[in-house]
Amino acid sequence: MSGHGTPIPMSSHACGPLKGEAHVPGDKSISHRSLILGAMCVGETVVTGLLEGDDVLDTAKAMRSFGAEVARDEDGTWRVRGVGVGGFAEPDHVIDCGNSGTGVRLIMGAMATCPITATFTGDASLNKRPMARVTDPLALFGTRAVGRSGGRLPMTIVGAVDPVPVRYVVPVPSAQVKSAVLLAGLNAPGQTVVIEQEATRDHTERMLAGFGAEISTEVTDEGRVITLTGQPELQAQTILVPRDPSSAAFPVCAAIIVPGSDVLVPNIGLNDTRAGLFTTLREMGADLTYENPREEGGEPVADLRARFSADLHGTEVPPERAASMIDEYPALSVVAAFAKGDTVMRGVKELRVKESDRIDAMATGLRAGGVTVEDGPDWWMVKGLGHGNVPGGQVAQSHLDHRIAMSFMVMGMATQQPVRVDDGGPIATSFPIFEGLMGGLGADIRRD
Ligand code: S3P
């Protein structure tokens, strides 16, 4: 089932070469942060290239509930008139973050040090996901949280009236947890310090600096030590959101496995903390090049050119790369099925607590399509069959998870039999133009 409507069954059929340019939507992580940080400064933040997927639209609604003005011009430019650090008003209704873990966790952080109370909920997927990883560090500021058993939504957060700054070592590699603590630290006096042992996406740190906060990162024996000085006056910004590498993953992986393909995916953010998939694909022998590398809005950007890659081979993806490609393992596992030999992915326990248990969802669907997959608590392995040899023919369950649905649609472009998903509805959370964009390249995706 899709979160907000009736299921949309979809099928993907073998197609001719994929050709052309794939203009994927704006980066989801940067889009959420643009709205939230825009709501926390005084003045008007102007955002172009915002991802208009359900996840981000839910965050826009939430920011309005906390008192910010959020409006969209006809040309797709978004304008956020913020209320200043510590200026959030108390919402008069429950905040529904839909499918978005990033949305709910970052917003909880942003309101946690304001003297207000807010109740959060989400769809069936989000309401299963762990929130204690965020509410535990927020409690150190003086914030209280009451949710369902297991620290799950719906949950009420009572913001700290006299917040104190915090020093926190993030126990799991999670940019959402790091960001929630930093956003809470904005309205605490003094210095809030967050330490992460493994580098995760650093958009919050970069954007906070861009908005005028005093923030520094030092790499020490303890890990990355991020120090933020509280109660700054954030300055409104003009933001150009780069296109999302996590969405680019789908046309790139499709081009690599569909014979004869040649696809250009322009303007992709290639921040080191996000680019692990592309490094891995190149190690597997994929014909993937970075054209016209440049910097835009403080982020490294390039045009990706992906071509059919006849000599794909399996690889071992090291655990230290996991954070930089955490959302891309489902797509990688599909490419791995078309490679020769085994692809082993280690250090990926976090995949089990995403929009779905992504190891289980992909392993079950791949097995049903004739691919051998082995898995353990924090690793999995796909036994590649080579191009032309992957049977397909299964109906996979998307488990309310956009990336699972899109990964199986990519698989069906090169399998012997079409691949179906029970519900493609969740694709709208991050990549609402997926079907049209892939169809424009030559894919044959149908609503059944
Ligand atoms: C995100 C962080 C990651 C990622 C998610 C987006 C972010 O989650 O999976 O899609 O924007 O901070 P975790 O922090 O749970 O690893």
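How each quantity is defined
Residues numbered from 1 in each chain as written. Predicted model: local features only at pLDDT ≥ 70, side-chain atom pairs only at ≥ 80, totals over all residues. Heavy atoms only, no water. Buried < 20%, exposed > 50% of the residue type's maximum accessible area, 1.4 Å probe, protein only. Helix = DSSP H or I, 4+ residues; strand = E, 2+ residues; numbered from the N terminus. Polar contact = N/O pair within 3.5 Å; in protein donor to acceptor, adjacent residues only side chain to side chain. Domains from an automatic or database assignment. Contact = heavy atoms within 4.5 Å. Buried area = accessible area lost by both parts, 1.4 Å probe. Salt bridge = Lys/Arg side-chain N within 4 Å of Asp/Glu carboxyl O. Pairing = 2+ DSSP bridges. Axes fitted to C-alpha atoms, helices over the stretch in contact; angles between N-to-C directions. Phe/Tyr/Trp six-rings, centres within 6.5 Å; stacked < 30°, edge-to-face > 60°. Lys NZ or Arg CZ within 6 Å of the ring centre and 35° of its normal. Near = heavy atom within 4 Å. Nonpolar A, V, L, I, M, F, W, Y, C, P; charged D, E, K, R; others polar.

1. Details of helix H11 (residues 402-412)
Working step 1: The buried count for H11 comes to eleven of eleven residues, which makes it a mostly enclosed element.
Working step 2: Burial in H11 covers these residues: His 402, Arg 403, Ile 404, Ala 405, Met 406, Ser 407, Phe 408, Met 409, Val 410, Met 411 and Gly 412.
Working step 3: Near the N-terminus of H11, the side chain that reaches the backbone nitrogen of Arg 403, with its oxygen 3.0 Å away, is that of Asp 401.

2. Some thoughts on the domain arrangement of the protein chain
Working step 1: On domain assignment, one finds that the protein chain holds domain 1 (10-25 + 242-447) and domain 2 (28-230).
Working step 2: On a C-alpha basis, the centroid separation for the pair domain 1 and domain 2 is 29 Å.
Working step 3: Listed as interface residues are 23 residues of domain 1 and, on the opposing side, 23 residues of domain 2.
Working step 4: Of the roughly 2000 Å² buried between domain 1 and domain 2 on both sides combined, carbon and sulfur atoms contribute 48%.
Working step 5: At the junction of domain 1 and domain 2, the tally comes to four salt bridges.
Working step 6: When the shortest N-O distance is used, the salt bridge between Arg 129 and Glu 355 registers 3.8 Å.
Working step 7: There are 14 residue pairs in polar contact (both at pLDDT 80 or more) connecting domain 1 and domain 2.

3. Re the sheet that holds strand E9 (residues 152-158)
Working step 1: Read from one edge of the open sheet, four strands run E6-E7-E9-E8, paired in mixed fashion. At either end of the open sheet lies a strand with only one pairing partner, and these are strand E6 (95-96) and strand E8 (144-148).
Working step 2: Where E8 lies against E9, five bridges are found, and the strand directions are antiparallel. Paired with Ala 145 across the bridge in E9 is Ile 157.
Working step 3: Taken strand by strand, helix H3 (residues 101-111) contacts strand E7 (117-121) and E9, and its axis lies near 175 degrees from that of E7.

4. Focus on the packing of aromatic side chains
Working step 1: One pass over the full model with this rule turns up three aromatic pairs.
Working step 2: When the ring of Phe 66 is compared with that of Phe 88, the centres are 4.9 Å apart and the planes differ by 25 degrees; the resulting orientation is stacked. Note that Phe 66 is positioned in the loop between helix H2 (54-65) and strand E4 (69-72) and Phe 88 in the loop between strand E5 (78-81) and E6, a separation of 22 residues in sequence.
Working step 3: Note on Phe 88: relative accessible area 5%, which makes it buried.
Working step 4: Summarising the aromatic geometry, the rings of Phe 250 and Phe 434 are spaced 6.2 Å apart at their centres and angled 85 degrees between planes, so their arrangement reads as edge-to-face. With Phe 250 in helix H7 (residues 245-257) and Phe 434 in helix H12 (residues 434-441), the pair connects residues that are 184 residues apart, well separated along the chain. We note that Phe 250, like Phe 434, is buried.
Working step 5: Grouping aromatic residues by their ring pairs yields a cluster made of Phe 250, Phe 431 and Phe 434.
Working step 6: Above the plane of the ring of Tyr 290 lies Arg 282, whose end atom (NZ or CZ) is 4.2 Å from the centre.

5. Re the site of the ligand
Working step 1: Taken together, Lys 28, Ser 29, Arg 33, Thr 102, Pro 173, Ser 174, Ala 175, Gln 176, Arg 201, Ile 326, Asp 327 and Lys 354 are the residues near the ligand.
Working step 2: Interatomic distance of 2.7 Å between a side-chain N/O atom of Ser 174 and an oxygen atom of the ligand.
Working step 3: Contact distances for the ligand include 2.7 Å between an oxygen atom and a side-chain N or O atom of Lys 354.
Working step 4: Of all the elements in the fold, those that place two or more residues in the shell around the ligand are helix H1 (28-39) and helix H5 (175-185).
Working step 5: The element that contributes the greatest number of residues to the shell around the ligand is H1, accounting for three residues.
Working step 6: Of the residues belonging to the shell around the ligand, the class tally is three nonpolar, four polar and five charged.

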